[in-house]
Amino acid sequence: MTLFEYSILTDPAPLQVSEAGGVSKGTVYIVVSNPQDNPVCWTSIEVTVPFGQQAESLTPDPTAIKARILPDTTRTSNEEPLVNWDPTAGCCTLSPQPAPPLFPSAPSQGSTPFKRGGAVILALEDFKVSDKPGPVLLHVKETVQKAPNQETSHVMLSLLKQAPSAPRNFRPKQSLVAAGNQVVLQWEGSPAFTYRIYGPDGRLSKAAPKKTPTGWTWSPAAGEVPKRDATYTLTATSAPRQQRPEHTLTTTVHLSDPEFDSVTATNGLHTPWVEGTTAKGQITFTAQGAQINNNAGTPGTIAADKADITSVVTTATVRGRGSGDGWIQFPSTGIKVGQGTGSNLGTVTADKADVNGVNTAWVQGRNTNDGWIAFPQTGVQVYKDGKREWGTLEADRTDVNGVTTAWVQGRGGSAGWIEFPPAGLNVFQGTGSRQWGTVTADKADLNDLDTRRALVKDRLTLQGGLTVDNVLETQDGPPRLIVHGKLDAESEVNAAGNVVAGGNLSVNGRVDTGGELHAAGRAAVGGDLNVGGQSTFSGLLNANGGLEVSSGGDSIMKASDDRVSIARNLHVGAPSWFADHLNANGLMTVRGEKDWLIKMNDERVTIAATLRVHGEVHPGATRT
């Protein structure tokens, strides 16, 4: 009789034999306890396991058995038995550890005894159960120390192997499949049961399970193919009209490419990529964000009502929905806008454009017949009507360094205008056909003034001089005004220097000359004529009022309505006619071509030639 007590447990209980095509694994637990009141000195406990394919065999492969003592915190480390599993013999041997010495130099005390009330659990784990049902006997050989000899005892422990009656090992052939039509479920079970498969929606499947040599299989019928992860339920009933199934098992199949009608992810959705169902567009999540690909795996297209983004979109091209729509490219220099399927440049339409600069060949209004601006190398050209015809530039102000134009006109059609012929500048009125206009200015600084007529409302000051072709001119040193034609002055003429008139001189007012007065033609003065210098008259001198010639402050000649008075000598170099009396208070001499003819003094008249008297002679004195 053994001193220790032995009991046996199995997992599962009872053990299930392995059927063809399947593997049923099990574990045996052997509990060894000391019921004695005292510790037991023991040598070994040997457990022999029968192996093979017989009904009495535990396993066909003893090498798969893992033998160990389950840990127990009530034992000390030296109380832990030693375990040795011999797969060749199918024997597991337990032995005690040496007892520690009483003190370091003390002799050995032998083996550690099995303490009173103590117990150990030997586990034989993870072995394949043999495929034939039946009871199995495990032989236990116990060796203990009884002074002065050892005592050996034997005991048999029994367990049961049973063919499984309930369905078991319900599983997918592949737990992760690419598509729902690849789902295959497998299980083992008795053919005495009626098996049914219920889909993830709780509906009974139309497809019936199929018996195979190794068990049962099932695949979904058409229309039942799952689009996403699905959990299936297997029921087994033994009676045809049984209400509740005797056994219910579940298993889950995962799809690597699931499809969802909708997804609500409260705490987020974690996936490396998302792909469409019928159209296989794909979104791949990268470290930088997301990448959109088409069904060929190349960059695809995003279609959305609105896109709200915080930063820049990195893309090579942006195009409208249609294949012929406009597009935008992003070269290293900025933005390129094109049209259609080719490489032709397109049009940008916007309410406002705020840019630092625009590089373009031309700019036009919204319509094709609007004006447009071209930018040649020389500057800017403005055209009208969508044609290459010069247009109009309208602005509040224009600040330019120079303007090159054929003509300039005011805003209205009747406004005056200016043209620029090779000779200089022409000013015209707005109405009529090229009628000369008027220049109004505060000052005019000109090198030359060439004009047919000039009207000066206030004062005309010429610092360099004035020349009117064939009419008048001014000369320097001393300053002179030379009139080649007739000079008509409606008011006074004041000249500090000489006045020379090559033609007639007409002055309705007064004439004051500080120097000489020369008139080649007729000189008509409506008022006083004061000549400060010498006066030379090539023709007649008519003074309708009075005429006075002075020198050095003294009067030399005075002419009134009926008399001419000469205070000094009067020399007449041409024939003279006197309609009335000639009074010479001093001397008077009349000369011929060579010699004098008449001499007159205060008291005598001397005649050197013949005296002819056609009228009466009244001598007042003696005649000689």
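See the structure shown above.
A quick note: this is a predicted structure, and the numbers were derived from the prediction, not measured.

Colleague: Any chance you could explain empty space enclosed by the protein here in plain terms?
Modeller: It is the rolling of a water-molecule-sized probe over the atoms that shows where space remains empty. Taken as a whole, this structure holds one cavity of 30 Å³ or more when the rule is applied. A volume near 120 Å³ is recorded for the largest cavity. Surrounding the largest cavity, 15 residues form its lining, Arg-75, Glu-79, Pro-113, Phe-114 and Lys-115 being those nearest its centre.

Colleague: Just checking my understanding: could you explain the pairing of strand β45 (residues 554-559) for this structure?
Modeller: Working note: regular strand, side chains alternate between the two faces of the sheet. Alignment of strand β44 (residues 547-551) against β45, held across five bridges, turns out to be antiparallel. Note that in β45 the partner of Val-549 across the bridge is Met-557. Across three bridges, the pairing between β45 and strand β46 (residues 564-566) is antiparallel. Note that in β46 the partner of Met-557 across the bridge is Ile-566.

Colleague: When you look at the sheet that holds strand β16 (residues 215-218) in this model, what are you seeing that I'm missing?
Modeller: Sheet strands associate in pairs through backbone hydrogen bonding, adopting either a parallel or an antiparallel arrangement. Spatially, four strands are ordered β11-β13-β16-β15 in an open sheet, and the strand pairing comes out antiparallel. Two strands bound the open sheet, and with one partner strand each, they are β11 (168-172) and β15 (210-212). With direction set aside, neighbouring strand axes in the sheet form an average angle of 25°. In terms of strand pairing, strand β13 (residues 185-188) meets β16 through three bridges, oriented antiparallel. Following the sheet pairing, Leu-185 is matched in β16 by Trp-218.

Colleague: Just to check I follow, could you spell out the side chain of Asn-426 for this structure?
Modeller: Note on placement: Asn-426 falls in strand β31 (residues 426-428). The exposure class assigned to Asn-426 is buried, which follows from its relative accessible area of 16%.

Colleague: How should the pairing of β16 be read in this particular structure?
Modeller: Two strands pair when backbone bridges link them, and β15 and β16 are joined in this way by three bridges, in the antiparallel orientation. The residue of β16 that forms the bridge with Lys-210 is Thr-217. If you look at the hairpin formed by β15 and β16, you'll find two residues sitting between the two strands.

Colleague: Please explain the nonpolar core as it appears in this structure.
Modeller: Counting 30 residues, the largest nonpolar core has Phe-4, Val-28 and Leu-138 as the members making the most contacts within it. Looking at this core, the elements with two or more residues in it are β3 (25-33), β4 (42-48), β7 (91-95), β8 (119-128), β9 (134-146) and β10 (149-162). Filtering out sequence-adjacent residues up to four positions away, Leu-138 remains in contact with Ile-8, Val-28, Ile-30, Val-47, Thr-48, Val-49, Val-155, Met-156, Leu-157 and Leu-159. In terms of nonpolar packing, the next biggest core, distinct from the first, is built from 18 residues, Phe-170, Val-177, Tyr-195 and Ala-221 among them.

Colleague: Looking at this structure, I do not really get the sheet that holds strand β21 (residues 290-293). What am I missing?
Modeller: Judged by pairing direction, the sheet is antiparallel, and its three strands sit side by side in the order β19-β20-β21 without closing on themselves. On the outer flanks of this sheet lie β19 (273-275) and β21, each paired with one strand and no other. Averaged over all neighbouring strand pairs, the angle between strand axes comes to 15°, with direction disregarded. As judged from the three bridges shared by β19 and strand β20 (residues 282-285), these two strands associate in the antiparallel manner. Its bridge partner being in β20, Trp-273 is matched across the sheet by Thr-284.

Rules used throughout
Residues numbered from 1 in each chain as written. Predicted model: local features only at pLDDT ≥ 70, side-chain atom pairs only at ≥ 80, totals over all residues. Heavy atoms only, no water. 1 Å grid on protein atoms, 1.4 Å probe; cavity = no way out; pocket = protein on both sides within 12 Å on 5 of 7 lines; lining within 4 Å. Points joined across faces, edges and corners; volume = space filled by probe spheres on them. Pairing = 2+ DSSP bridges. Helix = DSSP H or I, 4+ residues; strand = E, 2+ residues; numbered from the N terminus. Axes fitted to C-alpha atoms, helices over the stretch in contact; angles between N-to-C directions. Buried < 20%, exposed > 50% of the residue type's maximum accessible area, 1.4 Å probe, protein only. Core = buried A, V, L, I, M, F, W, Y, C linked by side-chain atoms within 4.5 Å. Contact = heavy atoms within 4.5 Å.

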